[in-house]
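Breakdown of the fold
Read off the chains here:
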Amino acid sequence: MASILIKDTTREQREQIVREALGDDYEVGCGYESTGINYDLYIEGKKELRELNMEANCGFEVAHPEERKSGCNFN
């Protein structure tokens with residue numbers, strides 16, 4: 001598997017990575033309501049996928065503490 005890090009990909013490759021993961025219905029710049037993750041930040045080279053996924057996971061844990069599986073430090 002090739003690297004998906006921003007430093008190892010072009011913008012076009014990042015768009016393709018997101019499209020393949022979310023399906024062809026995903027349009028760059030058109031919201032992210034279904035996932036709760038703004039993948040455009042990855043496509044634009046501002047945040048790694050790992051960071052976006054961690055932020056989304058922490059947001060879920062804060063909203064649903066009964067489902068908490070790992071440790072986000074929100075007190």
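Residues numbered from 1 in each chain as written. Predicted model: local features only at pLDDT ≥ 70, side-chain atom pairs only at ≥ 80, totals over all residues. Heavy atoms only, no water.

1. Observations regarding the nonpolar core
- Counting 8 residues, the largest nonpolar core is built from I6, V18, I37, Y39, Y42, I43, L49 and L52.
- Looking at this core, the elements with two or more residues in it are α2 (40-43) and α3 (49-63).
- Beyond its immediate chain neighbours, meaning those up to four positions away, L52 contacts I37, N38, Y39, L41, Y42 and K47. (Core = buried A, V, L, I, M, F, W, Y, C linked by side-chain atoms within 4.5 Å. Buried < 20%, exposed > 50% of the residue type's maximum accessible area, 1.4 Å probe, protein only. Helix = DSSP H or I, 4+ residues; strand = E, 2+ residues; numbered from the N terminus. Contact = heavy atoms within 4.5 Å.)

2. Some remarks on the confidence of the model for the protein chain
- The pLDDT averaged across the protein chain works out to 78; a share of 61% of its residues lies at or above 70.
- When pLDDT is averaged over each element of the protein chain, α2 comes out on top at 94 and α3 at the bottom at 76. (pLDDT = per-residue confidence, 0-100.)

3. A word on the side chain of R14
- In this structure, R14 sits in helix α1 (residues 11-22).
- Although R14 is buried, it makes no salt bridge; E12 carries the closest opposite charge, 7.3 Å away.
- At 3.1 Å, the side chain of R14 and the backbone oxygen of I43 are in polar contact.
- Leaving out residues up to four positions away in the same chain, R14 has contacts with I6, T9, Y42, I43, E44 and G45. (Lys, Arg positive; Asp, Glu negative; His and termini not counted. Salt bridge = Lys/Arg side-chain N within 4 Å of Asp/Glu carboxyl O. Polar contact = N/O pair within 3.5 Å; in protein donor to acceptor, adjacent residues only side chain to side chain.)

4. As for the pattern of salt bridges
- Per the counting criterion, the structure on display carries 5 salt bridges.
- With a shortest N-O distance of 3.5 Å, R19 and E15 are connected by a salt bridge. With R19 and E15 both in helix α1, this residue pair falls 4 residues apart, about one helical turn.
- On the accessibility criterion, E15 (18% relative accessible area) is buried.
- For K47, the salt bridge goes to E55, with nearest N and O atoms at 2.6 Å.
- Through salt bridges with shared partners, one network takes in R11, E15 and R19.

5. Here we look at α1
- Taking 1.5 Å of rise per residue, 12 residues should cover 16 Å, and α1 covers 17 Å from first to last C-alpha, within 8% of that figure.
- Residues R14, E15 and V18 constitute the buried set of α1. Projected down its long axis, α1 shows its buried positions confined to an angular sector of 105°, all on one face. Along α1, exposed side chains directed more than 90 degrees from the buried face belong to E12 and E20.
- Looking at the buried side of α1, the elements it contacts are α2.
- Looking one or two places after α1, you find G23, whose phi comes out positive at around 105°. (Expected span 1.5 Å × (residues − 1). Arc of directions from axis to C-beta.)

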